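Each chain is listed here by its residues.
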Amino acid sequence: MPVTIVNFNHGNLFVNSVYADANLLCYARNRLSPYYKTATTIIGDLIVQKVPLFVSHLVIDEVWWAFLRAWYRYRTGTVLTSQKYKNNPSILGRFSKLLERNTNKILSLPNVKMASAAQPLDVVQIARDIFTSESLMPRDCFHLAFVMANNIEGFVTSDRDFDNLNLPNYPLTVYRY
Amino acid sequence: MTSTQFAVNVAYQIMPSWQIGAVQSTDKGRFTRKAFTLSPRIYFLESEKRFDGLDINFYRQSMTVPEFRAYLNFIGEETVDFHPSDFEVYYPDEEG
(Lines give C-alpha, C1' and ligand atoms only; values in the text may rest on other atoms or scores of the structure.)
Protein backbone atom coordinates (compact mmCIF):
# COMPACT_ATOMS: atom_id res chain seq x y z
CA MET A 1 0.00 0.00 0.00
CA PRO A 2 1.61 3.32 -1.03
CA VAL A 3 2.08 5.83 1.74
CA THR A 4 -0.06 8.96 1.74
CA ILE A 5 2.08 12.05 1.23
CA VAL A 6 0.89 15.28 2.81
CA ASN A 7 2.74 18.55 2.29
CA PHE A 8 2.38 20.25 5.62
CA ASN A 9 0.48 23.50 5.99
CA HIS A 10 -0.42 25.29 9.20
CA GLY A 11 -3.81 23.99 10.31
CA ASN A 12 -3.52 20.55 8.70
CA LEU A 13 -5.28 17.90 10.74
CA PHE A 14 -2.90 15.16 11.77
CA VAL A 15 -3.65 11.48 12.19
CA ASN A 16 -3.92 10.27 15.76
CA SER A 17 -0.19 9.75 16.36
CA VAL A 18 3.01 10.70 14.55
CA TYR A 19 6.69 9.80 14.69
CA ALA A 20 9.22 12.60 14.43
CA ASP A 21 12.34 12.37 12.35
CA ALA A 22 15.39 13.94 13.99
CA ASN A 23 15.42 16.83 11.56
CA LEU A 24 12.07 18.11 12.87
CA LEU A 25 13.41 18.47 16.40
CA CYS A 26 16.73 19.94 15.30
CA TYR A 27 15.16 22.52 13.03
CA ALA A 28 12.64 23.56 15.66
CA ARG A 29 15.41 24.05 18.23
CA ASN A 30 17.55 26.12 15.90
CA ARG A 31 16.12 29.46 14.88
CA LEU A 32 18.70 29.91 12.12
CA SER A 33 17.66 26.76 10.28
CA PRO A 34 15.87 27.24 6.96
CA TYR A 35 12.93 25.16 8.18
CA TYR A 36 12.64 26.78 11.58
CA LYS A 37 9.24 28.33 11.04
CA THR A 38 7.72 25.20 9.55
CA ALA A 39 9.22 22.86 12.12
CA THR A 40 8.02 24.97 15.05
CA THR A 41 4.60 25.28 13.45
CA ILE A 42 4.33 21.51 13.06
CA ILE A 43 5.22 20.94 16.70
CA GLY A 44 2.84 23.69 17.79
CA ASP A 45 -0.01 22.26 15.75
CA LEU A 46 0.65 18.78 17.12
CA ILE A 47 0.45 20.09 20.68
CA VAL A 48 -2.74 22.00 19.95
CA GLN A 49 -4.32 18.93 18.37
CA LYS A 50 -3.19 16.72 21.30
CA VAL A 51 -1.45 14.39 18.88
CA PRO A 52 1.24 12.23 20.53
CA LEU A 53 4.67 12.91 19.04
CA PHE A 54 6.68 9.71 19.17
CA VAL A 55 10.45 9.62 19.17
CA SER A 56 12.77 6.68 19.64
CA HIS A 57 16.28 6.32 20.97
CA LEU A 58 17.38 6.35 17.33
CA VAL A 59 15.89 9.81 16.92
CA ILE A 60 17.57 11.09 20.06
CA ASP A 61 20.88 9.63 18.88
CA GLU A 62 20.56 11.42 15.54
CA VAL A 63 19.67 14.70 17.24
CA TRP A 64 22.75 14.34 19.42
CA TRP A 65 25.04 13.77 16.47
CA ALA A 66 23.57 16.60 14.41
CA PHE A 67 24.11 19.05 17.24
CA LEU A 68 27.53 17.70 18.16
CA ARG A 69 28.72 18.14 14.58
CA ALA A 70 27.23 21.62 14.35
CA TRP A 71 28.61 22.77 17.71
CA TYR A 72 32.03 21.31 16.97
CA ARG A 73 32.19 23.05 13.61
CA TYR A 74 30.96 26.29 15.18
CA ARG A 75 33.58 26.17 17.89
CA THR A 76 36.60 24.86 16.00
CA GLY A 77 35.87 25.73 12.39
CA THR A 78 36.62 22.16 11.37
CA VAL A 79 34.55 19.09 10.59
CA LEU A 80 34.00 16.50 13.29
CA THR A 81 35.08 13.17 11.87
CA SER A 82 35.02 9.78 13.47
CA GLN A 83 38.80 9.66 13.32
CA LYS A 84 39.13 12.85 15.35
CA TYR A 85 36.76 11.49 17.93
CA LYS A 86 38.53 8.14 18.11
CA ASN A 87 41.87 9.85 18.52
CA ASN A 88 40.55 11.98 21.36
CA PRO A 89 37.09 11.07 22.69
CA SER A 90 37.22 13.93 25.19
CA ILE A 91 36.76 16.51 22.43
CA LEU A 92 33.01 16.10 22.79
CA GLY A 93 32.97 16.36 26.56
CA ARG A 94 32.73 20.14 26.44
CA PHE A 95 29.28 19.78 24.90
CA SER A 96 27.81 17.48 27.50
CA LYS A 97 25.83 20.19 29.29
CA LEU A 98 24.37 21.47 26.06
CA LEU A 99 23.49 17.96 25.04
CA GLU A 100 21.80 17.35 28.37
CA ARG A 101 19.87 20.57 28.01
CA ASN A 102 18.66 19.79 24.50
CA THR A 103 17.65 16.28 25.46
CA ASN A 104 15.69 17.48 28.46
CA LYS A 105 13.90 20.05 26.33
CA ILE A 106 12.82 17.38 23.86
CA LEU A 107 11.59 15.08 26.58
CA SER A 108 9.76 17.98 28.24
CA LEU A 109 7.52 18.65 25.27
CA PRO A 110 3.99 17.90 26.47
CA ASN A 111 3.10 15.47 23.71
CA VAL A 112 6.39 13.59 23.35
CA LYS A 113 6.31 9.84 23.90
CA MET A 114 9.05 7.27 23.55
CA ALA A 115 8.34 4.61 20.96
CA SER A 116 9.09 1.36 22.67
CA ALA A 117 10.33 -1.94 21.44
CA ALA A 118 8.12 -4.02 23.70
CA GLN A 119 8.86 -6.97 21.47
CA PRO A 120 12.38 -6.17 20.25
CA LEU A 121 12.43 -9.15 17.94
CA ASP A 122 9.38 -7.76 16.16
CA VAL A 123 11.17 -4.50 15.49
CA VAL A 124 14.14 -6.32 14.03
CA GLN A 125 11.97 -8.53 11.88
CA ILE A 126 9.91 -5.61 10.61
CA ALA A 127 13.09 -3.68 9.82
CA ARG A 128 14.48 -6.70 8.00
CA ASP A 129 11.30 -7.03 5.93
CA ILE A 130 11.33 -3.33 5.04
CA PHE A 131 14.98 -3.53 4.06
CA THR A 132 14.15 -6.44 1.78
CA SER A 133 11.20 -4.77 0.07
CA GLU A 134 12.18 -1.09 0.03
CA SER A 135 15.22 0.90 -1.02
CA LEU A 136 16.04 2.35 2.36
CA MET A 137 19.11 2.63 4.53
CA PRO A 138 19.13 0.30 7.53
CA ARG A 139 18.63 3.15 9.98
CA ASP A 140 15.51 4.32 8.14
CA CYS A 141 14.18 0.75 8.16
CA PHE A 142 14.44 0.74 11.92
CA HIS A 143 12.64 4.09 12.16
CA LEU A 144 9.77 2.59 10.20
CA ALA A 145 9.89 -0.58 12.26
CA PHE A 146 9.36 1.50 15.40
CA VAL A 147 6.48 3.24 13.66
CA MET A 148 4.80 -0.02 12.72
CA ALA A 149 5.51 -1.82 15.99
CA ASN A 150 3.81 1.01 17.88
CA ASN A 151 0.89 1.41 15.44
CA ILE A 152 1.83 5.00 14.74
CA GLU A 153 -0.10 6.40 11.79
CA GLY A 154 2.00 9.37 10.75
CA PHE A 155 5.64 10.19 10.07
CA VAL A 156 6.98 13.76 9.96
CA THR A 157 10.16 14.40 8.04
CA SER A 158 11.89 16.73 5.61
CA ASP A 159 13.63 13.70 4.14
CA ARG A 160 12.38 12.66 0.69
CA ASP A 161 13.61 9.08 1.05
CA PHE A 162 10.22 8.01 2.38
CA ASP A 163 8.12 9.31 -0.51
CA ASN A 164 7.98 6.12 -2.53
CA LEU A 165 7.35 3.61 0.19
CA ASN A 166 4.96 0.77 -0.35
CA LEU A 167 4.16 -0.84 2.96
CA PRO A 168 1.95 -3.95 2.73
CA ASN A 169 -1.13 -3.66 4.92
CA TYR A 170 0.09 -0.58 6.75
CA PRO A 171 -1.56 2.79 6.11
CA LEU A 172 1.09 5.41 6.79
CA THR A 173 0.78 9.14 6.24
CA VAL A 174 4.06 10.95 5.63
CA TYR A 175 3.93 14.64 6.51
CA ARG A 176 6.74 16.37 4.75
CA TYR A 177 7.90 19.92 4.83
CA MET B 1 27.81 46.00 42.98
CA THR B 2 25.99 48.69 41.10
CA SER B 3 22.23 48.83 40.99
CA THR B 4 22.32 47.83 37.30
CA GLN B 5 24.43 44.77 38.03
CA PHE B 6 22.11 43.88 40.86
CA ALA B 7 19.07 44.20 38.58
CA VAL B 8 20.68 42.01 35.93
CA ASN B 9 21.59 39.44 38.53
CA VAL B 10 18.04 39.35 39.80
CA ALA B 11 16.70 39.12 36.25
CA TYR B 12 19.08 36.25 35.58
CA GLN B 13 17.72 34.35 38.53
CA ILE B 14 14.10 34.66 37.49
CA MET B 15 14.47 34.33 33.71
CA PRO B 16 13.14 31.14 32.19
CA SER B 17 15.81 28.82 30.90
CA TRP B 18 15.14 29.44 27.24
CA GLN B 19 16.18 33.03 27.65
CA ILE B 20 19.43 32.00 29.22
CA GLY B 21 19.94 29.58 26.35
CA ALA B 22 19.23 32.25 23.78
CA VAL B 23 22.07 34.21 25.22
CA GLN B 24 24.33 31.20 25.42
CA SER B 25 23.89 30.52 21.75
CA THR B 26 24.98 34.01 20.72
CA ASP B 27 28.30 33.53 22.40
CA LYS B 28 30.36 32.45 19.39
CA GLY B 29 31.04 29.00 20.63
CA ARG B 30 32.14 29.69 24.20
CA PHE B 31 29.01 28.32 25.73
CA THR B 32 29.09 30.28 28.94
CA ARG B 33 26.29 32.23 30.49
CA LYS B 34 26.59 35.76 29.25
CA ALA B 35 23.55 37.34 30.81
CA PHE B 36 25.72 39.56 32.93
CA THR B 37 27.52 41.10 29.97
CA LEU B 38 24.47 41.85 27.80
CA SER B 39 22.09 44.66 28.45
CA PRO B 40 18.60 43.43 29.32
CA ARG B 41 17.31 45.22 26.23
CA ILE B 42 19.56 43.27 23.84
CA TYR B 43 18.92 40.15 25.87
CA PHE B 44 15.17 40.26 25.34
CA LEU B 45 15.37 41.45 21.73
CA GLU B 46 17.49 38.42 20.91
CA SER B 47 14.98 36.00 22.37
CA GLU B 48 12.05 37.72 20.69
CA LYS B 49 13.52 36.90 17.26
CA ARG B 50 12.42 33.34 17.81
CA PHE B 51 8.82 34.33 17.22
CA ASP B 52 9.29 36.08 13.87
CA GLY B 53 6.76 34.68 11.43
CA LEU B 54 5.16 32.33 13.95
CA ASP B 55 1.47 32.35 14.78
CA ILE B 56 2.42 32.66 18.41
CA ASN B 57 -0.86 34.24 19.54
CA PHE B 58 -2.76 31.27 18.13
CA TYR B 59 -0.64 28.90 20.16
CA ARG B 60 -0.90 31.03 23.29
CA GLN B 61 -4.68 30.90 23.04
CA SER B 62 -4.94 27.26 21.97
CA MET B 63 -2.59 25.61 24.47
CA THR B 64 -2.83 25.26 28.19
CA VAL B 65 -0.37 27.35 30.17
CA PRO B 66 2.00 24.41 30.89
CA GLU B 67 1.86 23.33 27.24
CA PHE B 68 2.61 26.82 26.00
CA ARG B 69 5.44 27.24 28.46
CA ALA B 70 7.02 23.95 27.39
CA TYR B 71 6.61 24.93 23.75
CA LEU B 72 8.29 28.29 24.29
CA ASN B 73 11.05 26.62 26.24
CA PHE B 74 11.73 24.31 23.34
CA ILE B 75 11.70 26.38 20.18
CA GLY B 76 14.51 28.43 18.74
CA GLU B 77 17.08 28.36 21.50
CA GLU B 78 19.96 27.35 19.29
CA THR B 79 21.68 29.45 16.65
CA VAL B 80 23.96 27.11 14.76
CA ASP B 81 24.26 26.23 11.10
CA PHE B 82 23.24 22.70 10.25
CA HIS B 83 24.72 21.09 7.18
CA PRO B 84 22.84 18.27 5.42
CA SER B 85 25.70 15.95 6.29
CA ASP B 86 25.04 16.57 10.00
CA PHE B 87 22.00 14.33 9.67
CA GLU B 88 23.87 11.47 8.02
CA VAL B 89 24.11 8.63 10.46
CA TYR B 90 26.77 6.94 8.37
CA TYR B 91 29.61 9.38 8.19
CA PRO B 92 32.96 8.93 6.50
CA ASP B 93 36.06 8.30 8.54
CA GLU B 94 37.80 11.30 7.10
CA GLU B 95 36.93 13.85 4.50
CA GLY B 96 38.81 13.72 1.18
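1. Things to note about the overall build of chain A
Thought 1: Within chain A, the regular secondary structure consists of seven helices and six strands.
Thought 2: N-terminal to C-terminal, the α/β element order of chain A is β-β-α-α-β-α-α-α-β-α-α-β-β.
Thought 3: For chain A, whose C-alpha radius of gyration is 17 Å, the value lies close to the compact-globule estimate of 16 Å for 177 residues.
Thought 4: The buried share of chain A, reckoned over its 177 residues, is 56%.

2. Overview of the packing of helix α6 (residues 120-133) of chain A against helix α7 (residues 138-149) of chain A
Residue and element names in this part refer to chain A.
Thought 1: Packing of α6 against α7 leaves a shortest axis separation of 8 Å and a crossing angle of 125°. One way to sum up the angle between α6 and α7 is to call them oblique. Seen along the crossing, α6 lies across α7 with a hand that is right-handed. Where α6 approaches α7, its residues Val-123, Val-124, Ile-126, Ala-127, Ile-130 and Phe-131 are matched on the opposing element by Pro-138, Cys-141, Phe-142, Leu-144, Ala-145, Phe-146, Met-148 and Ala-149.
Thought 2: Here the contact of α6 with α7 is built from residues that sort into 14 nonpolar, no polar and no charged.

3. Describing unusual backbone geometry
All names here are of chain A.
Thought 1: The phi dihedral of Lys-50 is positive, around 55°, even though this residue is not glycine.
Thought 2: As for its position among the elements, Lys-50 is in the loop between α2 (36-48) and β3 (53-55).
Thought 3: For Lys-50, a relative accessible area of 52% puts it in the exposed group.
Thought 4: In the Ramachandran plot, Asn-169 falls in the positive-phi region, its phi being about 60° despite a non-glycine side chain.
Thought 5: The topology assignment puts Asn-169 in the loop between β5 (154-157) and β6 (173-176).

4. Quick notes on the pattern of salt bridges
Thought 1: For the structure on display, the rule yields ten salt bridges over all chains.
Thought 2: With a shortest N-O distance of 2.8 Å, Arg-73 of chain A and Asp-86 of chain B are connected by a salt bridge. One end of the pair, Arg-73 of chain A, is in helix α3 (residues 57-76); the other, Asp-86 of chain B, is in the segment after α5 (65-74), on a second chain. Comparing Arg-73 of chain A with Asp-86 of chain B shows no difference in burial state: the two are buried.
Thought 3: Its salt-bridge partner being Glu-77 of chain B, residue Arg-101 of chain A comes within 2.8 Å of it at the nearest N-O pair. Here Glu-77 of chain B lies in the segment after α5 and Arg-101 of chain A lies in helix α5 (residues 96-108), a pairing that spans two chains. Glu-77 of chain B carries the same exposure label as Arg-101 of chain A, and that label is buried.
Thought 4: Several salt bridges share partner residues, and in doing so they unite Arg-29, Arg-101 and Lys-105 of chain A together with Glu-77 of chain B into one network.

5. Topic: the sheet that holds β6 of chain A
Residue and element names in this part refer to chain A.
Thought 1: Across the sheet, six strands lie side by side as β1-β6-β5-β2-β3-β4; this open sheet has parallel pairing. Edge positions in the sheet fall to β1 (4-7) and β4 (112-114), since each of these pairs with one other strand and no more. Strand-to-strand twist of the sheet, defined as the mean angle between neighbouring strand axes without regard to direction, takes the value 30°.
Thought 2: Pairing analysis gives three bridges linking β3 to β4, with the strands arranged parallel. Looking at the pairing, Phe-54 lines up with Lys-113 of β4.

6. Some words on the layout of surface pockets
Left-over empty space is what a probe sized like a water molecule reveals as it rolls over the atoms.
Thought 1: Computed from the structure, the largest pocket encloses a volume of approximately 430 Å³.
Thought 2: In terms of lining, the largest pocket is formed by 20 residues, of which the most central are Asn-23 and Asp-159 of chain A together with Pro-84, Phe-87 and Glu-88 of chain B.
Thought 3: Looking at the lining of the largest pocket, the elements with two or more residues in it are α1 (22-29) and α7 of chain A.
Thought 4: It is α1 of chain A that provides the largest number of residues to the lining of the largest pocket, a total of three residues.

7. Regarding the packing of aromatic side chains
Thought 1: The tally for this structure, following the rule as stated, stands at 15 aromatic pairs over all chains.
Thought 2: When the centroid spacing of 6.3 Å and the interplanar angle of 70° are considered together, the rings of Tyr-27 of chain A and Phe-82 of chain B count as edge-to-face. With Tyr-27 of chain A in helix α1 and Phe-82 of chain B in the segment after α5, the pair connects residues from two separate chains.
Thought 3: Since its relative accessible area comes to 10%, Tyr-27 of chain A is described here as buried.
Thought 4: Accessibility expressed as a relative area gives 15% for Phe-82 of chain B, which makes it buried.
Thought 5: We note Arg-29 of chain A situated over the ring of Phe-74 of chain B; from NZ or CZ to the ring centre the distance is 5.5 Å.

Criteria and thresholds
- Residues numbered from 1 in each chain as written.
- Chains lettered and ligands numbered in written order.
- Predicted model: local features only at pLDDT ≥ 70, side-chain atom pairs only at ≥ 80, totals over all residues.
- Heavy atoms only, no water.
- Helix = DSSP H or I, 4+ residues; strand = E, 2+ residues; numbered from the N terminus.
- Rg over C-alpha atoms; globule rule 2.2 N^0.38 Å.
- Buried < 20%, exposed > 50% of the residue type's maximum accessible area, 1.4 Å probe, protein only.
- Axes fitted to C-alpha atoms, helices over the stretch in contact; angles between N-to-C directions.
- Parallel < 35°, antiparallel > 145°, perpendicular 65-115°, else oblique.
- Left-handed = near helix turned anticlockwise from the far one by under 90°.
- Contact = heavy atoms within 4.5 Å.
- Nonpolar A, V, L, I, M, F, W, Y, C, P; charged D, E, K, R; others polar.
- Salt bridge = Lys/Arg side-chain N within 4 Å of Asp/Glu carboxyl O.
- Pairing = 2+ DSSP bridges.
- 1 Å grid on protein atoms, 1.4 Å probe; cavity = no way out; pocket = protein on both sides within 12 Å on 5 of 7 lines; lining within 4 Å.
- Points joined across faces, edges and corners; volume = space filled by probe spheres on them.
- Phe/Tyr/Trp six-rings, centres within 6.5 Å; stacked < 30°, edge-to-face > 60°.
- Lys NZ or Arg CZ within 6 Å of the ring centre and 35° of its normal.

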